[in-house]
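Fold and contact review
Here's the letter readout for the chains.
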Amino acid sequence: MQGFVREDLDLKHLEKNLLFDLPIAAMINLKSIGFCGNFGDPLMHPELDEIINFFKKQNISIFTNASLRNLSWWKSLGGKKNVAVTFCIDGIGGTHELYRRNTSYEKIIENAKSFINGGGNARWQFIVFKHNEHQIEDAKILSNKMGFKNISFIYSDRFDTNNHWGVVEKNKHLYNLEKATKQVTLREKTNTSMGKKWWLNLFKSRKQETIKCIWSEKKKIYIHSDGTIFPCCHIGSILAGKPIEKSLYKKIIKEWKNINLNFNKFEDIITGPFYKEYFLKSLKNSPHPVCIETCDTHNGKLVNRAENYLKY
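The model shown is predicted, which means the values in this text are computed figures rather than measured ones.

Details of the overall build of the protein
Scanning the protein for helices and strands turns up 14 helices and 10 strands. For the protein, the C-alpha radius of gyration of 20 Å lies close to 20 Å, the compact-globule estimate for 312 residues. Structurally, the protein occupies a C-alpha span of about 50 × 50 × 40 Å along its principal axes. Burial status across the protein gives 46% buried among its 312 residues. Expressed as a percentage of contacts within the protein between residues at least 6 apart in sequence, the contacts between residues at least 24 apart total 66%. Total accessible area on the protein is roughly 17,000 Å²; 51% of this is exposed by carbon and sulfur atoms. Positive and negative charge centroids in the protein, built from 48 and 32 side chains respectively, lie 4 Å apart.

Re the pattern of salt bridges
In the structure shown here, the tally under the stated rule is 10 salt bridges. The partner of lysine 179 in a salt bridge is glutamate 188, and the shortest N-O contact between them spans 3.6 Å. According to the relative accessible area criterion, glutamate 188 is partly exposed, its value standing at 30%. A cluster of three or more residues bridged by salt bridges with shared partners is formed by Lys16, Glu47 and Glu50.

Details of the packing of aromatic side chains
Summed over the entire model, instances satisfying the criterion amount to 18 aromatic pairs. Seen from their ring centres, phenylalanine 87 and phenylalanine 115 are 5.8 Å apart, and the 55 degrees between their planes marks the pair as tilted. With a gap of 28 residues between them, phenylalanine 87 in strand E3 (residues 83-88) and phenylalanine 115 in helix H5 (residues 105-117) connect regions that are remote in the sequence. Summarising the aromatic geometry, the rings of phenylalanine 230 and tryptophan 256 are spaced 6.1 Å apart at their centres and angled 70 degrees between planes, so their arrangement reads as edge-to-face. Of this pair, phenylalanine 230 sits in strand E9 (residues 229-230) while tryptophan 256 sits in the loop between helix H11 (243-253) and helix H12 (266-270), placing them 26 residues apart in sequence. Phenylalanine 230 sits in the buried class, given a relative accessible area of 0%. Connected via pairs of aromatic rings, a cluster forms that spans Tyr222, Phe230, Tyr249, Trp256, Phe274, Tyr275 and Phe279. It is arginine 69 that lies over the ring of tryptophan 73; its NZ or CZ is 4.7 Å from the centre. One residue, lysine 220, lies across the ring of tryptophan 215, its end atom 4.3 Å from the ring centre.

Details of the pairing of strand E4 (residues 121-128)
For E4, the tally of buried residues reaches 6 of 8 residues, placing the bulk of the element in the interior. Inspection of the sheet shows E3 paired to E4 by 5 bridges, in the parallel sense. Along E4, the bridge assignment pairs threonine 86 with arginine 123. Taken together, the 6 bridges between E4 and strand E5 (residues 150-155) define a ladder with parallel strand orientation. Within E5, the residue paired with glutamine 125 across the bridge is serine 152.

A closer look at the state of the cysteines
Chemically, a disulfide is nothing more than a covalent bond linking the sulfur atoms of two cysteines. This structure, assessed with the given rule, holds 0 disulfides. Free cysteine cysteine 232: the closest other cysteine sulfur is in cysteine 233, separated by 5.8 Å. Cysteine 295 takes part in no disulfide bond, and the closest cysteine sulfur to it belongs to cysteine 213, at a distance of 5.5 Å. Given the relative accessible area of 7%, cysteine 295 is considered buried.

Reading the values: the criteria
- Residues numbered from 1 in each chain as written.
- Predicted model: local features only at pLDDT ≥ 70, side-chain atom pairs only at ≥ 80, totals over all residues.
- Heavy atoms only, no water.
- Helix = DSSP H or I, 4+ residues; strand = E, 2+ residues; numbered from the N terminus.
- Rg over C-alpha atoms; globule rule 2.2 N^0.38 Å.
- Buried < 20%, exposed > 50% of the residue type's maximum accessible area, 1.4 Å probe, protein only.
- Contact = heavy atoms within 4.5 Å.
- Areas by Shrake-Rupley, 256 points an atom, 1.4 Å probe, with all protein chains shown as cover.
- Lys, Arg positive; Asp, Glu negative; His and termini not counted.
- Charge placed at Lys NZ, Arg CZ, Asp CG, Glu CD.
- Salt bridge = Lys/Arg side-chain N within 4 Å of Asp/Glu carboxyl O.
- Phe/Tyr/Trp six-rings, centres within 6.5 Å; stacked < 30°, edge-to-face > 60°.
- Lys NZ or Arg CZ within 6 Å of the ring centre and 35° of its normal.
- Pairing = 2+ DSSP bridges.
- Disulfide = S-S within 2.5 Å.

So, to be careful, I would describe these as geometric facts and stop short of saying anything about function.
Pasting the structure below:
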């Protein structure tokens, strides 16, 4: 939103061979694959089609702003019965583009129509802000008319430090994005001052063993675009975070190469000391700030996730 690319973020696509070398045949309980695009959009990957075709026996979920590819590609994707696409459309018309910068609402709608007409399983995710909350009912009507399987309305956790964020382009402030009228943030729930990290209050008041790793319980992992295997996408976000967050995590893993597919086999990583020992000990003794922020059993993001899903 600040209009610049983080200098320490490695801009690259996940190498397909790292995925093709995964021991899929031995992973008999692998039921689903999610392409979430933690720092980008899955549709930008030049070899996405090959990757999708590789996971023939798994259900595939793609989260995208859907402003890429042509209509024939979308229609063809709709014919793949193991693929479901969540279209991230945050408003109707130009309102959508206030948050999804440099995307085309009209193209996204045409792409969604092509996917649905091709037999695709389409879902609509609508992030509610102050500037688009008046369009919720219209979005429900449009979703039903177009043939989306469902539409979900969620709040953004970007307001857990401030009630607004500035949108900047070429060092020029354009406007502010503000939280929805009815949204109550975790910062407000924990009585944390604006601009301060609410997880600090959790850390100061926490007792032993208050972190429950939800991704671990669901037997999920996150593979970053550079081949690093993280316990979840939230931890993976530290690769573009503050240096202190990365240094704290490095104390747990000892060395980045230990959990990277470019240097170790998948099975050696997940059965090695990091996942079997170091990470589990850290949750009990010295949890990473992201673990506190996300999975604290009292006021973590995932524990309170239901409050971010709006009932409409």
